[in-house]
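Report on the structure
The residues making up each chain are set out below.
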Amino acid sequence: MRLGSGDTIAAVATPPGMGGVGIVRVSGLGVREIALAILGRVPKPRYATFSAFRAHDGNLIDQGLALYFPAPRSYTGEDVLELHGHGGPVVMDLLLHRCLELGARLARPGEFTERAFLNGKLDLAQAEAVADLIESSTALAARLAARSLQGVFSRRIHELVEGLIELRVYLEASLDFPDEDLDLLDEKAYIATRLAALLTQLDRLCAEAQEGQRIREGLTIVIAGAPNVGKSSLLNALCGSDAAIVTDIPGTTRDLLRFDLQIEGLPIRIIDTAGLRQTQDPVEQEGVRRAQEAVQQADLVLWVYDATCGLDEGSRAGLPQGLPILRVRNKIDLLGESAGSRTESDQIEIALSAKTGAGLDLLKRQIKHLAGLSPQPEGAFSARRRHLDALRRARESLAAASVQLAEELGAELVAEELRCAQHALSEITGEFGPEDLLDRIFAGFCIGK
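1. So, unusual backbone geometry
Between Ala71 and the following residue, Pro72, the backbone shows a cis peptide bond with an omega angle of 0°. Mapped onto the elements, Pro72 comes out in the loop between β4 (60–69) and β5 (80–87). The phi dihedral of Arg46 is positive, around 65°, even though this residue is not glycine. Checked against the element boundaries, Arg46 lands in the loop between α1 (31–39) and β3 (49–54). Positive phi values are uncommon outside glycine, yet Lys331 reaches one of about 70°. Here Lys331 is to be found in the loop between β11 (325–330) and β12 (340–344).

Have a look at this one:
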C-alpha cells in the first residue's frame, strides 16, 4: 500500500462552466496556512463561515462560504478546506490559482478519493462507488452505487474473507503442527462442508454482483431483421418518440441510429439498423455492413419479422453463434391477434404491434429478464467488471480446493488454493493488489473528486 506524499492538493470540485455556486477544494498539511492567507483566519471546524476570499495584494477575489474539516474527521482524512464562491469559471480559476500560489499543487483526477482510501476512510470498492454514483445514468444505478458506498458490497467480501481465514488457520495448523490431532483425512467431511458453504455464499455474491454490474453499465440492444418489418417503428415505440423515420419503402434506414433509454432502471443503448438483405445499392450495402458490425458487438439482438409474412430463418444465417437473440413477431394488429409470448426450441418470441403498442410491456419484461435482473433489485449493489473477474478467480480457487480435497491430494494444495481465493477477494477492497491497479482506477475519476 502506498503512503500519501504529504503535500497539499487543490482543485475545482464543481463541473466546468457557469453556475450559481462553485467550489475549490484543498487537502493536505498546508490547509491552515492557505486558509489564513486567503480568509485571514482558520474557520471554525465544520461550520459554514461567510468570508471574503482575498488575493496576495489584499484585493477581493470573491466572497462566499468557507468550510474547514480538520484531520482526521474529513473526506480525505487530512485537513480539508472548501471555498464556496460564485460559480463563474474566471472566479474559480482565480481562487484555484491563489491556492497554488500558496504552495498547493493541482490535484490529479480522483486524488481526493485516493487519499481517502490511503488514509482508511474508504476501501477500494467504496472509493469506486463514489465515481459510480457521480456517473449513474438511472435512479436505480444511483441507489445501488450509494449502497456500495455505504459498504454493503465490502461487508459481504469481508464475511467471505473471514470464512477463508478461519479455514486456512485450521488447515495450516495441521501443516505446522503435524503431531497435533489435526489429521486432514479425519477432518475431511468438516472441511468439505465448510468449503461447500463458502462456495454457495460466493455464488450468491457473484449473482448479485453481476446484476449490479449490468445496472451500472447497461445493455446494448440491436434491432435487426429484413427490410420493412417494422424495426424503426419498434425503436420509436420503445423510445416513446419519433426517433426514426418510418415509411413503407424498404431500405429507408441506411445508417445506424443510436438512442439511450431505460427500462425499469436498466440503462439501454438501443441501435436501429438497416434491413439485412442482398442489394446492389452501394449506400445500402454500407448500411448492411454497419448493421452486421453492430450485431457482432451487441449484448442482445431483437430479431424482428413481419407476422403477415412469417419467419425467414435463412435471413438469420449470418448471425454470430451464441449471441442472445429475442425474436419479435411484429404487426400482429394486421392479423387481429393478441400480444403474447412463447418459447419454441429454446427460442423466446414476443408477439406485438409496434404501431399500437400492444405487447411492448411483455418485451420490456423479457429484456429485463434476459439481462439477469431480479424483479426487485433494490437489495443489490454497484459492481464493476474487475470485481466480477476477482470473484470468478476466487470461485475457481475454491472449486479447485474442493477437488483436491476430494481426491486427497494433500492439505498443502488445498491451503494454497484458499490463499489464492483470499487474495482475489482482497483485490476488490484494496487490501491486496498491484499498485498500478490503483493508478488505473483513480485515473478514471473526475478532477476535484
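Back to the text.
2. Let's talk about the sheet that holds strand β6 (residues 105–106)
Whenever strands of a sheet pair, they do so through backbone hydrogen bonds, lying parallel or antiparallel. The 6 strands lie next to each other as β3-β4-β5-β2-β1-β6, forming an open sheet whose pairing is mixed. Pairing within the sheet leaves two strands with one partner each, and these edge strands are β3 and β6. In this sheet, β5 lies alongside β4 in antiparallel orientation, the contact comprising 5 bridges. Bridge assignment links Leu67 to a residue of β5, and that residue is Glu82. Where helix α3 (residues 111–118) meets the sheet, it contacts β1 (9–12), β2 (19–27) and β6, and its direction lies at approximately 135° from that of β1.

3. Focus on the nonpolar core
Counting residues in each nonpolar core, the largest one holds 33 residues, and the members touching the most others are Leu391, Leu398, Leu418 and Leu425. Of all the secondary structure elements, the ones that give two or more residues to this core are α6 (152–176), α7 (188–217), α11 (385–406) and α12 (411–429). Setting aside chain neighbours within four positions, we find Leu391 in contact with Ile157, Leu202, Leu205, Cys206, Ala209, Leu425 and Ile428. Leu144, Leu261, Val328 and Leu373 belong to the second largest nonpolar core, which has 31 residues in total.

4. Focus: the pattern of salt bridges
Taken as a whole, this structure holds 29 salt bridges when the rule is applied. Ionic pairing is found between Lys331 and Asp306, a salt bridge with its closest N-O pair at 3.4 Å. Residue Lys331 is located in the loop between β11 and β12, and its partner Asp306 is located in strand β10 (residues 300–306); the two are separated by 25 residues in the primary sequence. Several salt bridges share partner residues, and in doing so they unite Asp7, Glu78, Arg105, Arg108, Glu111, Glu114 and Arg115 into one network.

5. A few points about α7
For α7, built from 30 residues, the straight-helix expectation of 44 Å at 1.5 Å per residue is met to within 8% by its first-to-last C-alpha distance of 42 Å. At the exit of α7 stands Gly218, carrying a positive phi of roughly 80°.

6. What to know about the side chain of Glu417
One can find Glu417 in helix α12. No salt bridge is formed by the buried Glu417; the nearest opposite charge belongs to Arg419, separated by 8.4 Å.

7. Overview of the sheet that holds β10
With mixed pairing, 7 strands are arranged side by side in an open sheet as β8-β9-β7-β10-β11-β13-β12. Two strands lie at the open edges of the sheet, namely β8 (257–263) and β12, each paired on one side alone. The mean angle between the axes of side-by-side strands here comes to 25°, regardless of whether they run parallel or antiparallel. Its contacts with the sheet place helix α8 (residues 231–239) against β7 (219–225), β8, β9 (266–272), β10 and β11, and it is angled at close to 155° to β9.

Cut-offs used in this document
Residues numbered from 1 in each chain as written. Predicted model: local features only at pLDDT ≥ 70, side-chain atom pairs only at ≥ 80, totals over all residues. Heavy atoms only, no water. Helix = DSSP H or I, 4+ residues; strand = E, 2+ residues; numbered from the N terminus. Pairing = 2+ DSSP bridges. Contact = heavy atoms within 4.5 Å. Axes fitted to C-alpha atoms, helices over the stretch in contact; angles between N-to-C directions. Core = buried A, V, L, I, M, F, W, Y, C linked by side-chain atoms within 4.5 Å. Buried < 20%, exposed > 50% of the residue type's maximum accessible area, 1.4 Å probe, protein only. Salt bridge = Lys/Arg side-chain N within 4 Å of Asp/Glu carboxyl O. Expected span 1.5 Å × (residues − 1). Lys, Arg positive; Asp, Glu negative; His and termini not counted.

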